[in-house]
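Residue-level structural notes
Next come the chains, spelled out residue by residue.
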Amino acid sequence: MAQGENRTAVRPKKRFHHGALREALIFATRELLIEHGPDGFTLADACRRAGVTTAAPYKHFRDKQEILEEIVLRGFAELTAANTKAVAEGGPGTIAAITAMGISYLEFAVAQPVVFRLMFGHKSEIRKVKQVDEAGKQCLKHVIDEVAAYSRKHGHTADAEAIALRLWTFVHGASSLELDGDYARVARGLDVRKMIADVTPKLLGVTPDKLAPSRGRKR
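The following refers to the structure shown.

Cut-offs used in this document
Residues numbered from 1 in each chain as written. Predicted model: local features only at pLDDT ≥ 70, side-chain atom pairs only at ≥ 80, totals over all residues. Heavy atoms only, no water. Helix = DSSP H or I, 4+ residues; strand = E, 2+ residues; numbered from the N terminus. Buried < 20%, exposed > 50% of the residue type's maximum accessible area, 1.4 Å probe, protein only. Areas by Shrake-Rupley, 256 points an atom, 1.4 Å probe, with all protein chains shown as cover. Salt bridge = Lys/Arg side-chain N within 4 Å of Asp/Glu carboxyl O. Expected span 1.5 Å × (residues − 1). Polar contact = N/O pair within 3.5 Å; in protein donor to acceptor, adjacent residues only side chain to side chain. 1 Å grid on protein atoms, 1.4 Å probe; cavity = no way out; pocket = protein on both sides within 12 Å on 5 of 7 lines; lining within 4 Å. Points joined across faces, edges and corners; volume = space filled by probe spheres on them. Nonpolar A, V, L, I, M, F, W, Y, C, P; charged D, E, K, R; others polar. Axes fitted to C-alpha atoms, helices over the stretch in contact; angles between N-to-C directions. Left-handed = near helix turned anticlockwise from the far one by under 90°. Contact = heavy atoms within 4.5 Å.

**As for the overall build of the protein chain**
When helices and strands are tallied, the protein chain shows 12 helices and 0 strands. The burial tally for the protein chain puts 43% of its 219 residues in the buried class. When the accessible surface of the protein chain is split by element, carbon and sulfur atoms take 55% of a total near 11800 Å².

**Concerning the pattern of salt bridges**
Applying the stated criterion to the full structure yields 17 salt bridges. Between Arg49 and Glu35 there is a salt bridge whose closest N-O contact spans 3.0 Å. Taken together, the positions of Arg49 in helix H3 (residues 43-50) and Glu35 in helix H2 (residues 18-36) put the pair 14 residues apart, joining distant regions of the chain. Using a relative accessible area of 6% as the deciding quantity, one classes Arg49 as buried. The exposure class assigned to Glu35 is partly exposed, which follows from its relative accessible area of 38%. Between Glu69 and Arg62 there is a salt bridge whose closest N-O contact spans 2.9 Å. Connected through shared salt-bridge partners, Arg22, Glu23, Glu70 and Arg74 make up one network.

**A closer look at helix H11 (residues 192-203)**
Residues separated by three or four positions in an α-helix point in the same direction, a consequence of the helix having 3.6 residues per turn. Its 12 residues place the ends of H11 16 Å apart at the C-alpha level, agreeing with the 16 Å of an ideal helix rising 1.5 Å per residue. Capping of H11 at its N-terminal end is provided by Asp191; its side-chain oxygen lies 3.2 Å from the backbone amide nitrogen of Arg193. Downstream of H11 by a residue or two, Gly205 has a phi angle that is positive, lying close to 90°.

**Things to note about the layout of surface pockets**
A volume near 330 Å³ is recorded for the largest pocket. In terms of lining, the largest pocket is formed by 19 residues, of which the most central are Tyr105, Cys139, Leu140, Val143 and Trp168. Looking at the lining of the largest pocket, the elements with two or more residues in it are helix H4 (64-90), helix H5 (95-111), helix H8 (130-154) and helix H9 (160-179). Of all the elements, H8 adds the most residues to the lining of the largest pocket, at 6 residues. The class makeup of the residues in the lining of the largest pocket is 12 nonpolar, 4 polar and 3 charged.

**What to know about the packing of H5 against H11**
Running from amino to carboxyl end, H5 crosses H11 at an angle of 145°, the nearest separation of the two axes being 9 Å. Considering how the two elements wind past one another, H5 and H11 form a crossing that is right-handed. Here H5 contributes Ile95, Ile98, Thr99, Gly102, Ile103, Leu106 and Glu107 to the contact with H11, which in turn contributes Val192, Arg193, Ile196, Ala197, Thr200 and Pro201. Here the contact of H5 with H11 is built from residues that sort into 8 nonpolar, 3 polar and 2 charged.

**Quick look at the side chain of Gln112**
You can see Gln112 is positioned in the loop between H5 and helix H6 (113-119). Looking at Gln112, its side chain comes within polar contact range of the side chain of Glu78, at 2.8 Å. In this view, Gln112 contacts Arg30 and Glu78; residues no more than four positions away in its chain are not counted.

Spelled out as structure tokens, the structure:
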């Protein structure tokens, strides 16, 4: 069956409770987003995928973009939850926790590439939405807070926000290069997770002589 036929195939209309209809539309839109990208389907396609009338979305959303905004917000919530888990496992304010946050960021990007790209600028009009902008800033604040906690524990006076921005720039760039297949082309076999683990202490200002005695332990 052709892609277009699959995308627009009409499913039997369903009856949904109020909340279930909203979730069905989000689920259908997410499926189509992953299959066709943000510009490759219409709101009517999402209605057909969900098995609802084309009037149904307007009970919950003004248009397709608002559903995409919700998907992005949920993406940030998932990423925040992954970072929170990484910190809990690594120990707050430690190199292990900050490294684990970087690796969880990479793993989220690899697991959900289309959503990840949408979260970080594929559709600039979505990034300008206040809630989305705040969710993105909150994710970064989580990194800043962990860097600040690490600095306090070790008596560092460096600017935690500046360090966090360097860490995010590095990890985001590495994640994007991994998604785009650039590492596979120029550095086949590169262990990106290990690279993040190796570079994170350096960006935190840890010198090899200070790091070496503590390997295998939390700092």
